[in-house]
Amino acid sequence: MAGKRKNILQTIREQDGTYQYVGDHFRVSENKETGREQLTKLMVFFLLAVAVVVSSGCINAAGASEAFYVILPYVGEVSALFLLGWNVVRLFANRNRMRTYVLDQVRSRIPGASAFLCVFALLGLVMAAVFLMKNGSGGKTAASALYLFCKALAALLALGCRKAFAGLEWEKTEN
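Residues numbered from 1 in each chain as written. Predicted model: local features only at pLDDT ≥ 70, side-chain atom pairs only at ≥ 80, totals over all residues. Heavy atoms only, no water.

1. Some points on the overall build of the chain
Piece 1. Of the regular secondary structure elements, the chain holds 5 helices and 5 strands.
Piece 2. Counting from the amino terminus, helix and strand elements in the chain follow one another as α-β-β-β-α-α-β-α-α-β.
Piece 3. Relative to the globule expectation of 16 Å for 175 residues, the C-alpha radius of gyration of the chain, 20 Å, shows a markedly less compact shape.
Piece 4. Taken along its principal axes, the extent of the C-alpha atoms in the chain is 70 × 35 × 25 Å.
Piece 5. A total of 175 residues make up the chain; the buried ones form 38% of that total.
Piece 6. For the chain, the share of sequence-separated contacts (at least 6 apart) that also reach a separation of at least 24 residues comes to 79%.
Piece 7. Entry remark: accessible area of the chain is about 10100 Å², with carbon and sulfur atoms responsible for 63%.
Piece 8. In the chain, the 20 positive side-chain charges and the 12 negative ones have mean positions that sit 7 Å from each other. (Helix = DSSP H or I, 4+ residues; strand = E, 2+ residues; numbered from the N terminus. Rg over C-alpha atoms; globule rule 2.2 N^0.38 Å. Buried < 20%, exposed > 50% of the residue type's maximum accessible area, 1.4 Å probe, protein only. Contact = heavy atoms within 4.5 Å. Areas by Shrake-Rupley, 256 points an atom, 1.4 Å probe, with all protein chains shown as cover. Lys, Arg positive; Asp, Glu negative; His and termini not counted. Charge placed at Lys NZ, Arg CZ, Asp CG, Glu CD.)

Structure, rendered in structure tokens:
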């Protein structure tokens, strides 16, 4: 509760009844020439991860629609992707200008969501491989190979998101 109280104390009530945030604002450092480059990398990695995760869900691979232990990691992937997307959008909203408490939340959530996406993608890769070893591909060898490739690529893109976000530097802006 102390965090929420601190956020409330950073707002004042105006004469007309509206509230004004008076705390600090931050944005990606413009002094460092790689700031924009890191933001671009983060967005590209995220959009590619969306494309790969969604396309892996559309592949009719062996076990992808019949084994719960292959389906559940995909559900985790989509959930982690949603969490990552929510925070990436918050990062890009308002032209990268963020309130202190929003930045604190995003700083902790983007690396965590990226790690969850990586873990679920690797878990999906392992579970799909287990299904293939136990039951064979059932004539869906190419689709199964593409599914495994998409899982490995999703894990790498999640690590790319994490690395791109870690490379960002923040600076205070004028209110």
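2. Focus: the packing of aromatic side chains
Piece 1. Inspection of every chain in the model, using the stated rule, returns 2 aromatic pairs.
Piece 2. Here the aromatic rings of Phe68 and Tyr69 are separated by 5.7 Å at their centres, their planes lie at 90°, and the arrangement is edge-to-face.
Piece 3. Judged by relative accessible area, Phe68 falls into the exposed class, the value being 60%.
Piece 4. Between Tyr69 and Phe131, the ring centres sit 6.4 Å apart and the planes meet at 50°, which makes this aromatic pair tilted. One end of the pair, Tyr69, is in helix 3 (residues 68–92); the other, Phe131, is in helix 4 (residues 100–135), and 62 residues separate them in sequence.
Piece 5. Given a relative accessible area of 7%, Phe131 falls into the buried group.
Piece 6. Among the aromatic side chains, those forming a connected cluster through ring pairs are Phe68, Tyr69 and Phe131. (Phe/Tyr/Trp six-rings, centres within 6.5 Å; stacked < 30°, edge-to-face > 60°.)

3. Let's talk about the sheet that holds strand 4 (residues 98–99)
Piece 1. Read from one edge of the open sheet, 3 strands run 4-3-5, paired in antiparallel fashion. On the outer flanks of this sheet lie strand 4 and strand 5 (170–173), each paired with one strand and no other.
Piece 2. As paired strands, strand 3 (residues 25–28) and strand 5 are joined by 4 bridges and run antiparallel to one another. Looking at strand 5, one finds that Phe26 is bridged to Lys172. (Pairing = 2+ DSSP bridges.)

4. Observations regarding a nonpolar patch on the surface
Piece 1. Together, Phe68, Ile71, Leu72 and Val75 line one region of the surface with nonpolar side chains, adding up to about 390 Å² of accessible area.
Piece 2. Structurally, Val75 can be placed in helix 3. (Patch = residues over 30% accessible without salt bridge, like charges linked within 9 Å, V, L, I, M, F, W, Y side chains within 5 Å. Salt bridge = Lys/Arg side-chain N within 4 Å of Asp/Glu carboxyl O.)

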